[in-house]
2 protein chains.
Amino acid sequence: MNLNIALLPGDGVGPEVLAQAVKCLQAVEETFNHQFIFREALVGAAAIDKKGRPLPQSTLKLCQEADAVLFGAIGDPKYDNDPEAKVRPEQGLLELRKSLGLFANIRPVLSHPSLLGKSPLKKEIVSGTDFVIFRELTGGIYFGEKKLNEEGTVASDLCEYSETEISRIAHLAFKAAKSRKKKVTLVDKANVLESSRLWRKVVTRIGESYPEVALDFLFVDNAAMQLVLNPTQFDVILTENMFGDILSDEGSVIGGSIGLLASASIGDENALFEPIHGSYPQAKGKNVANPIASILSAAMLLEHFGLMEEAMAIKLAVDKSLRKGIVTPDIKSKSQFGTQQVGDYIAHSIVDIE
Amino acid sequence: MNLNIALLPGDGVGPEVLAQAVKCLQAVEETFNHQFIFREALVGAAAIDKKGRPLPQSTLKLCQEADAVLFGAIGDPKYDNDPEAKVRPEQGLLELRKSLGLFANIRPVLSHPSLLGKSPLKKEIVSGTDFVIFRELTGGIYFGEKKLNEEGTVASDLCEYSETEISRIAHLAFKAAKSRKKKVTLVDKANVLESSRLWRKVVTRIGESYPEVALDFLFVDNAAMQLVLNPTQFDVILTENMFGDILSDEGSVIGGSIGLLASASIGDENALFEPIHGSYPQAKGKNVANPIASILSAAMLLEHFGLMEEAMAIKLAVDKSLRKGIVTPDIKSKSQFGTQQVGDYIAHSIVDIE
Ligand SMILES: [Mg+2]
Ligand SMILES: [Mg+2]
């Protein structure tokens, strides 16, 4: 298969971890006889610094023309803590998702048996956790109208949702549940928010077309609690943008290592794959960031194009590195292996598996 | 001291647990020679059923005339799961907070040494947790303008904050931090939301008047993660209404029992005290609900009026019941003691302590 893959390294440790994912894709290319063409572009703080905008036009164009986008990470503290900053790195990712029509963010959360000891939750609570969060990505309060009065004393953000926005991701969630444990949990705040009541109405109606899937409801504050109390109760969690942001970050730590978690952002015509961890600026350039999440995001990319055997080769190579202890210090504190060494080991294992 | 206390039992287990708190206040009254006048009124689903409104005018008047309000719980599933319902029980509490000008909700989270085994978090993670959440209560998206278009296909909620709303609760948080571990963590989403950027600007400026208190910032998604990863890092968490709702519910489970947690809602001229648990409708009338949170909310009420010795008498009696195992089944699954028995034991212990 020929694939045009746009590479957006971004900020912080993004470039380092993405480089390892590319190594692995090149190992797949060679081993399975595919042709992947990689083209790289600036995004985030790196793009603001060089081009004045977090998502330059040329970057967007490259992504639109590509079959898929492989993304590093975004964000720089020099913008985060400056309330006066006019442009922000995160706008780059938000605009990109919007422009590519990536309306669904999909995040699997799994408790890895070898990492149960690293979870902050007790083993008996976290063991067996296996759920996936479907987060709406292009609507809600992050994209609603923002206002600040002239005196700078009153500020507001609008959270708006339409039936169309809700229904397209609801269908994806119900379809996913059909091939999983057949349960969708809609997380909202329908006792207070009008937008949540629309979510509940639309999702309830769509659920009727999936009679084999059970649908239940949780308020977001309760959901934040249940993720900690009893994460194994969940199968597919469906929710709006900001609730999904909060819950998927909370969910990400219960498995024991955020450095292993990949995600997909899916639209009708494009798809973007990225590790869920942020730009981790303190670690930038130190060869300590865990590349596995980025490498597994490359595996999700291959699955998206039906290359299941190739994706499995990456996953098996990742499992091998975890079993053999060829891991970065976040997994094993005295590890001698860095980002590059782990990336090399996994890439070589892919070739060996064949 | 003479105190007029409005009693609002509300829904579900609210009436049962509130009755135990009243018993304890009566034990204090008798033991310490005070005069407490209790007047009861309807709120929530109970008020909708009898008067058609979740906060009848007579209830509001009673609360306005009282020195403080002791609240049970609110909410009924028959309204929650009906997206067409026009009035909702929760509106009663929201309106009451707004009408009484209760702008700050204060929730202590403590890990009780005797309950470490009940926390979903590992002992080494949760042990030593001692923080308090200051949640803004009358602004933000829960109170912003709500819209639904005529076709019922687009819904929105507005999140708005003014400098005044932010600054009054910020001062309370900094003052509390001065007598604690001297750290305030502002939780927001300033990289995306205009209202969050206003919070950060105002709180940063106010922080300059409290040079002995350290101020740091966390995005809400990261905060949801940090509460699970490392709850002992926090002292005072300051945040807006919805973020506070989510984080304080998440925080409530890490101590091991939600049935122990009380809260205060403070305004310039009034104050309301309540357990943080909800109406727990499945347990209604079964004499199994834990009355301790409600009893400890009565202790917070006494502290609010400077009755520190009296409040301590309640807390010591609660500690004794926990040590002796006179607890409801949520704490000790085979316990023979119910809501009333635990309430009686604690009330009697208050008299004995003298
Ligand atoms: Mg996030
Ligand atoms: Mg809540």
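In this text, all values refer to a predicted model and were calculated from it rather than measured experimentally. (Residues numbered from 1 in each chain as written. Chains lettered and ligands numbered in written order. Predicted model: local features only at pLDDT ≥ 70, side-chain atom pairs only at ≥ 80, totals over all residues. Heavy atoms only, no water.)

With that settled, consider the coordination of the magnesium ion (ligand 2). Around the magnesium ion (ligand 2), the protein supplies D221(A) (OD), D245(B) (OD) and D249(B) (OD) as donor atoms, at distances of 2.1 to 2.3 Å. On the criterion of helical spacing, the pair formed by D245(B) and D249(B) is a turn pair, its members being 4 residues apart in helix α10 (residues 241-254). (Donors = N, O, S within 2.8 Å, 3.2 Å for Na, K, Ca; no water. Helix = DSSP H or I, 4+ residues; strand = E, 2+ residues; numbered from the N terminus.)

Quick look at the coordination of the magnesium ion (ligand 1) now. Note on the magnesium ion (ligand 1): its protein donors are D245(A) (OD), D249(A) (OD) and D221(B) (OD). The metal-donor distances range over 2.0 to 2.3 Å. Of this pair, D249(A) sits in helix α10 (residues 241-254) while D221(B) is found in helix α9 (residues 220-229), placing the two residues in two different chains. On the basis of relative accessibility, which here comes to 8%, the residue D249(A) falls in the buried class. For D221(B), a relative accessible area of 9% puts it in the buried group. (Buried < 20%, exposed > 50% of the residue type's maximum accessible area, 1.4 Å probe, protein only.)

Further remarks concern the pairing of strand β11 (residues 262-267) of chain B. Residues and elements named next belong to chain B. Burial within β11 is extensive, with 6 of its 6 residues counted as buried. Neither face of β11 is exposed, since A262, A264 and I266 on one face and S263, S265 and G267 on the opposite face are all buried. In this sheet, β11 lies alongside strand β4 (residues 102-110) in antiparallel orientation, the contact comprising 4 bridges. The partner of L102 across the bridge, within β11, is G267. Bridging between β11 and strand β12 (residues 271-275) involves 5 bridges; their strand directions are antiparallel. In the strand pairing of β12, A262 is matched with P275. In this antiparallel pair of consecutive strands, β11 and β12, the connection spans 3 residues. (Pairing = 2+ DSSP bridges.)

A few words on the sheet that holds strand β6 (residues 146-148) of chain B. Pairing is antiparallel across the open sheet formed by 4 strands, whose spatial order is β6(A)-β7(A)-β7(B)-β6(B). Bordering the open sheet on either side are β6 (146-148) of chain A together with β6 of chain B, each of which pairs with just one other strand. Within this sheet the neighbouring strands show an average axis-to-axis angle of 15 degrees, counted without direction. Pairing of β6(A) with strand β7 (residues 154-162) of chain A, which is carried by 3 bridges, proceeds in the antiparallel orientation. Paired with L148(A) across the bridge in β7(A) is A155(A). Strands in contact with helix α8 (residues 194-207) of chain B are β6 and β7 of chain A together with β7 (154-162) of chain B; relative to β7(A), the strand with the most contacts, it is inclined by about 155 degrees. (Axes fitted to C-alpha atoms, helices over the stretch in contact; angles between N-to-C directions. Contact = heavy atoms within 4.5 Å.)

If you look at the biggest cluster of nonpolar residues, it comprises 192 residues, and the most contacted ones within it are L70(A), L238(A), L70(B) and L238(B). Discounting residues that sit within four places of it in the chain, L238(B) has contacts with F134(B), I169(B), A170(B), A173(B), V184(B), T185(B), L186(B), V187(B), W199(B) and V203(B). (Core = buried A, V, L, I, M, F, W, Y, C linked by side-chain atoms within 4.5 Å.)

Note on aromatic pairs: each is described by the distance of the centres and the angle between the planes. All chains considered together, the criterion is met by 8 aromatic pairs over all chains. With 5.0 Å between their ring centres and 10 degrees between their planes, F174(B) and Y210(B) make a pair best called stacked. One end of the pair, F174(B), is in helix α7 (residues 163-178); the other, Y210(B), is in the loop between α8 and β9 (214-219), with 36 residues separating them in the sequence. Take F174(B): its relative accessible area is 0%, and that puts it in the buried class. A cation over an aromatic ring shows up here: K98(A) above the ring of F143(A), its NZ or CZ 4.7 Å from the ring centre. (Phe/Tyr/Trp six-rings, centres within 6.5 Å; stacked < 30°, edge-to-face > 60°. Lys NZ or Arg CZ within 6 Å of the ring centre and 35° of its normal.)

Let's shift gears to helix α7 (residues 163-178) of chain A. Residues and elements named next belong to chain A. The end-to-end C-alpha separation of α7 is 22 Å, in line with the 22 Å expected for 16 residues at 1.5 Å each. Buried within α7 are the following residues: E165, I166, I169, A170, A173, F174, A176 and A177. Burial along α7 is one-sided: seen end-on, the buried residues are contained in an arc of 155 degrees. The exposed residues of α7 that point more than 90 degrees off its buried face are T164 and K175. (Expected span 1.5 Å × (residues − 1). Arc of directions from axis to C-beta.)

So, about the domain arrangement of chain A. All names here are of chain A. What the domain assignment reports for chain A is domain 1 (1-100 + 269-354) and domain 2 (107-260). Taking only C-alpha atoms into account, the centre of domain 1 sits 24 Å from that of domain 2. The partner domain 2 presents 13 residues to the 13 residues of domain 1 that form the contact. When domain 1 packs against domain 2, close to 1,300 Å² is buried across both sides, 68% of that on carbon and sulfur atoms. Scanning the region where domain 1 abuts domain 2 turns up 0 salt bridges. Our enumeration of links across domain 1 and domain 2 arrives at 4 residue pairs in polar contact (both at pLDDT 80 or more). Mapped by element, the contributors of at least two residues to the side of domain 1 that touches domain 2 are α5 (89-99) and α11 (292-304). Each residue belonging to the side of domain 1 that touches domain 2 can be placed in one class, and the counts come to 8 nonpolar, 2 polar and 3 charged. (Domains from an automatic or database assignment. Buried area = accessible area lost by both parts, 1.4 Å probe. Salt bridge = Lys/Arg side-chain N within 4 Å of Asp/Glu carboxyl O. Polar contact = N/O pair within 3.5 Å; in protein donor to acceptor, adjacent residues only side chain to side chain. Nonpolar A, V, L, I, M, F, W, Y, C, P; charged D, E, K, R; others polar.)

Moving on: the interface of chain A and chain B. Between chain A and chain B, the contact holds 61 residues from the first and 61 residues from the second. Summing both sides of the interface, chain A and chain B together bury roughly 5,300 Å²; the carbon and sulfur share of this comes to 66%. Counting across the interface, chain A meets chain B through 2 salt bridges. Our count for the chain A to chain B interface comes out at 22 residue pairs in polar contact (both at pLDDT 80 or more). Of all the secondary-structure elements, those providing two or more residues to the side of chain A that touches chain B are α5, β6, β7, α8 (194-207), β9 (214-219), α9 (220-229) and α10 of chain A. The element best represented in the side of chain A that touches chain B is β7(A), accounting for 9 residues. Pairing analysis gives 9 bridges linking β7(A) to β7(B), with the strands arranged antiparallel. By the bridge assignment for β7(B), A155(A) is matched with Y161(B).

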